[in-house]
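The residues making up each chain are set out below.
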Amino acid sequence: MRHLLPSLPLESPMEDVQNRSDNREIPIDRVGVTNLRYPIIVWDKANESQSTVATLSLSVHLPHHFKGTHMSRFLEVLNEHRGEFTIKTLPTVIHELKTRLDSEAAHIEARFPYFIEKQAPVTKKTSLLDIEGYFHGASDASGDDFILGVSVPVTSLCPCSKEISDYGAHNQRSTITIEIRMTSAASEHFVWMEDLIEIAEASASAPLYALLKRPDERFVTMQAYDNPAFVEDIARNVAKRLQDDERIGWFRVKCVNQESIHNHDAFSEILWTRPTES
Ligand SMILES: Nc1nc2c(ncn2[C@@H]2O[C@H](COP(=O)(O)OP(=O)(O)OP(=O)(O)O)[C@@H](O)[C@H]2O)c(=O)[nH]1
């Protein structure tokens, strides 16, 4: 027996349910698509660019009188910029979302793995370390906004443990997350993700490497012991370096220590706006 798919005559249009009105008088701050994996290109200080796969969130503001947004248009806009989705094209894509979805505000958030080449401290053997990169672009009635971020894994060694113990000190892997907004001074001297990674690594007890031979391992073990830092010290070390950089107008720094003597984490967070930017 043949089953025929129901077909819709072209002359009878499908109802656009999203365009129905809503009478609850509640606007939606952000509505859109999230957890969308998509190829992007990121500027790389050493090699010009790096291709990676981002997890994206794209959203718009929805006025109270509309029932729904037009989800397919987010993907349409993205697809039209396939292969050229970078920090430079981000504002164009955001403005296009506003136009195509007829909205006063749009946001794009991207999280992606980013690889930096590291050299082991003694043997100089090279390896790739993965960190997490982050962009948040937005546009609304007050203007355009851009936040650049990194999450960098490092080592921290507890100063208290070192002080009170006859030998040894507990140490752990920590993650330093830095998010910044740039000032106009950055238009000439762009802040690279590598600059933020360098600040994070210099602020911890020791950096991490994917590849370490024994002489390197000995070096980083003693480096951490010589640079003990509380979770508070790390956040303050990062904050001081960011405050001293005129290209940075706002930042959020968060350090999370995966405590090796507890089954919980310790964290610290600092939010700061340059007085001339507030
Ligand atoms: N607004 C909304 N759409 C959803 C949701 N879940 C799935 N969708 C689907 O998103 C799909 C695409 O929606 P639209 O962009 O409005 O599609 P369209 O009307 O063909 O496209 P346009 O003519 O450009 O508006 C539809 O099949 C919706 O059912 C939801 O929670 N909200």
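Treat the numbers as computed from the prediction; the structure is a model and nothing was measured.

Definitions and cut-offs
- Residues numbered from 1 in each chain as written.
- Predicted model: local features only at pLDDT ≥ 70, side-chain atom pairs only at ≥ 80, totals over all residues.
- Heavy atoms only, no water.
- Near = heavy atom within 4 Å.
- Polar contact = N/O pair within 3.5 Å; in protein donor to acceptor, adjacent residues only side chain to side chain.
- Nonpolar A, V, L, I, M, F, W, Y, C, P; charged D, E, K, R; others polar.
- UniProt positions renumbered as here; feature names shortened; annotations may be inferred.
- Helix = DSSP H or I, 4+ residues; strand = E, 2+ residues; numbered from the N terminus.
- Buried < 20%, exposed > 50% of the residue type's maximum accessible area, 1.4 Å probe, protein only.
- Contact = heavy atoms within 4.5 Å.
- Domains from an automatic or database assignment.
- Buried area = accessible area lost by both parts, 1.4 Å probe.
- Salt bridge = Lys/Arg side-chain N within 4 Å of Asp/Glu carboxyl O.

Student: Explanation requested: the site of the ligand in the structure shown.
Tutor: Neighbouring residues of the ligand: D16, Q18, G68, T69, H70, M71, S72 and R73. Separating a nitrogen atom of the ligand from a backbone N or O atom of T69 is a distance of 2.9 Å. A distance of 2.6 Å separates an oxygen atom of the ligand from a polar side-chain atom of R73. Tallied by class, the residues present in the shell around the ligand amount to one nonpolar, five polar and two charged.

Student: Just checking my understanding: could you explain the UniProt feature "site: May be catalytically important" (unreviewed entry) in the protein for this structure?
Tutor: UniProt records the feature "site: May be catalytically important" (unreviewed entry) at C158, using the numbering of this structure. With respect to the helices and strands, C158 occurs in the loop between β5 (143–157) and α3 (159–164). Of the residues examined, C158 reaches a relative accessible area of 10% and is grouped as buried. For C158, the residues in contact, after removing those within four places along its chain, are A169, H170, P228 and F230.

Student: Sorry if this is basic, but what is going on with the domain arrangement of the protein here?
Tutor: A common measure of how large an interface is: the accessible area buried when the components associate. In terms of domain boundaries, the protein breaks down into domain 1 (27–113) and domain 2 (120–277). The C-alpha centroid of domain 2 is placed 27 Å from the C-alpha centroid of domain 1. Contacts between the two partners involve 22 residues from domain 1, matched on the other side by 18 residues from domain 2. Summing the contributions of domain 1 and of domain 2, the shared interface buries around 1800 Å²; its carbon and sulfur component is 61%. Together, K45, I87 and F112 form the three largest contributors to the area buried by domain 1 at its contact with domain 2, with a combined 32%. Summed over the shared surface of domain 1 and domain 2, the number is two salt bridges. Across the contact surface, domain 1 and domain 2 share eleven residue pairs in polar contact (both at pLDDT 80 or more). Only β1 (28–44), α2 (90–100) and β3 (106–119) provide two or more residues apiece to the side of domain 1 that touches domain 2. Element by element, the count of residues in the side of domain 1 that touches domain 2 is highest for β3, at eight residues.

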